Amino acid sequence: MNELSLYVLDILGNSVRAGARKVSLTITESRRENVYRMVFEDDGKGMSPELLEEVFSPWVTTRKERRIGLGLSLLKQGAQQCGGDLVIDSAPGEGTTVTVAFEYAHLDRPVAGDIAGSLVMTAASAPEIDFFYTHTTDVGVYRFNTVEVNEALGGVSMTNPSIMRAVQEMIRENLDEISAGMDERLVFHNDMI
């Protein structure tokens, strides 16, 4: 996966399957501190010590519909190649925290992609879960949560496609606002070589 938003979708989906009632995603991107960090926290069923020891093996997955779980192992490898790491803290009945960090300026750090789309798609597919999202840059902070959105919608479901598009656009606009003035990394494309 070459976009972080795809990993976001995968990890948020893990939280949903773990029976979480509250899921939070905190992203910190700082050019000054040279860090791009994502912290996922949920109050789901957590992992046994045995599963936690093997969770980065591509041959270990808790999903029934497929027998290979590449997401976490690929993300960990990518983070390590970009001067960072991925750490999981989990205990049965207490939930799970996944922390992944990259050097912000590393040439191979995956692009963010559509974080708003991944978040809204997951939230719409699991309306019984409260999702909290905080994104901090050198310019500012943006906070979003489905509790406030659902209150504002007054009973209209976030699963409605037009509502989903409007919420995604709201998140994107706010992210653009706190990203204004942050210099982009130089990205080489194959067609440039």
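Everything below is about the structure shown above.
Residue numbers here run from 1 along each chain, matching the order of that chain's written sequence. Local features in this predicted model are restricted to residues of pLDDT 70 or higher, and side-chain atom pairs are both shown and tallied only at a pLDDT of 80 or more, whereas totals for entire chains, interfaces and linings draw on every residue. Hydrogens and waters are ignored; side-chain quantities use all the structure's heavy atoms.

### Comments concerning the sheet that holds strand 2 (residues 35–42)
For the record, the criterion: The rule for pairing is simple: two strands pair if DSSP sees at least two bridges between them. Put simply, DSSP marks the helices as runs of H or I at least four residues long and the strands as runs of E at least two long, and each gets a number from the N terminus on. Every axis in this analysis is a line fitted to C-alpha atoms, fitted for helices over the stretch in contact. Angles between the N-to-C directions lie between 0 and 180 degrees. Residue contacts are counted whenever heavy atoms from the two residues lie within 4.5 Å of one another.
The six strands lie next to each other as 3-4-2-1-5-6, forming an open sheet whose pairing is mixed. Of all strands in the sheet, those with a lone pairing partner are strand 3 (85–91) and strand 6 (141–145), marking the two edges. Within this sheet the neighbouring strands show an average axis-to-axis angle of 5°, counted without direction. In this structure, strand 5 (residues 130–136) lies alongside strand 6, joined through five bridges in antiparallel fashion. When the bridges of strand 6 are listed, Tyr133 appears paired with Phe144. The sheet strands contacting helix 1 (residues 4–17) are strand 1 (22–30), strand 2, strand 4 (95–102) and strand 5, and the helix crosses strand 2 at an angle near 15°. This element, helix 3 (residues 71–81), spans strand 3 and strand 4 of the sheet and lies at about 135° to strand 3.

### Section: the nonpolar core
Rule in force here: Definition used in this section: a nonpolar core is a set of buried Ala, Val, Leu, Ile, Met, Phe, Trp, Tyr and Cys residues joined via side-chain atoms within 4.5 Å. Classification of residues uses two cut-offs on accessible area relative to the type maximum, computed with a 1.4 Å probe and protein chains only: under 20% is buried, over 50% is exposed, and between them is partly exposed.
Met38, Tyr133 and Ile171 are the most contacted members of the largest nonpolar core, which has 44 residues in total. Setting aside chain neighbours within four positions, we find Ile171 in contact with Ala116, Leu119, Val120, Tyr133, Tyr142 and Phe144.

### Brief notes about the environment of Ala112
Counting through the fold element by element, Ala112 comes out in the loop between strand 4 and helix 4 (115–125). With 110 residues separating them along the chain, Ala112 and Asn2 place their C-alpha atoms 8.9 Å apart. Aside from chain neighbours lying at most four places away, what touches Ala112 is Glu3, Leu4, Ser5 and Tyr36.

### Focus: the pairing of strand 5
Looking at chain direction, strand 1 and strand 5 are connected through seven bridges and run parallel. For Ile27, the partnering residue across the bridge sits in strand 5 and is His135.

### Some words on helix 3
Every α-helical turn comprises 3.6 residues, leaving residues that sit three or four positions apart pointing alike. Residues of helix 3 that are buried: Gly71, Leu72, Ser73, Leu75, Lys76 and Ala79. Packed against the buried residues of helix 3 are helix 1, strand 3 and strand 4. Where helix 3 ends, the next residue or the one after it, Gly83, has phi of about 75°, a positive value.

### A closer look at unusual backbone geometry
Even without being a glycine, Asn34 presents a positive backbone phi close to 55°. Residue placement: Asn34 occurs in the loop between strand 1 and strand 2. What makes Asn34 partly exposed here is its relative accessible area of 29%.

### Re the packing of helix 4 against helix 6 (residues 161–179)
Our working definition: By the definition used in this description, the sense in which the near helix is turned from the far one sets the handedness, with an anticlockwise turn below a right angle giving left-handed and a clockwise turn giving right-handed. In this classification, the charged set is Asp, Glu, Lys and Arg, the nonpolar set is Ala, Val, Leu, Ile, Met, Phe, Trp, Tyr, Cys and Pro, and all remaining amino acids, among them Gly, are polar.
Axis separation between helix 4 and helix 6 bottoms out at 9 Å; the angle between their running directions is 140°. The two elements helix 4 and helix 6 cross, and the hand of that crossing is right-handed. Across the interface between the two elements, Ala116, Gly117, Leu119, Val120, Met121 and Ala124 of helix 4 pack against Met164, Val167, Gln168, Ile171 and Arg172 of helix 6. The residue inventory of the contact of helix 4 with helix 6, partitioned by class, reads eight nonpolar, two polar and one charged.

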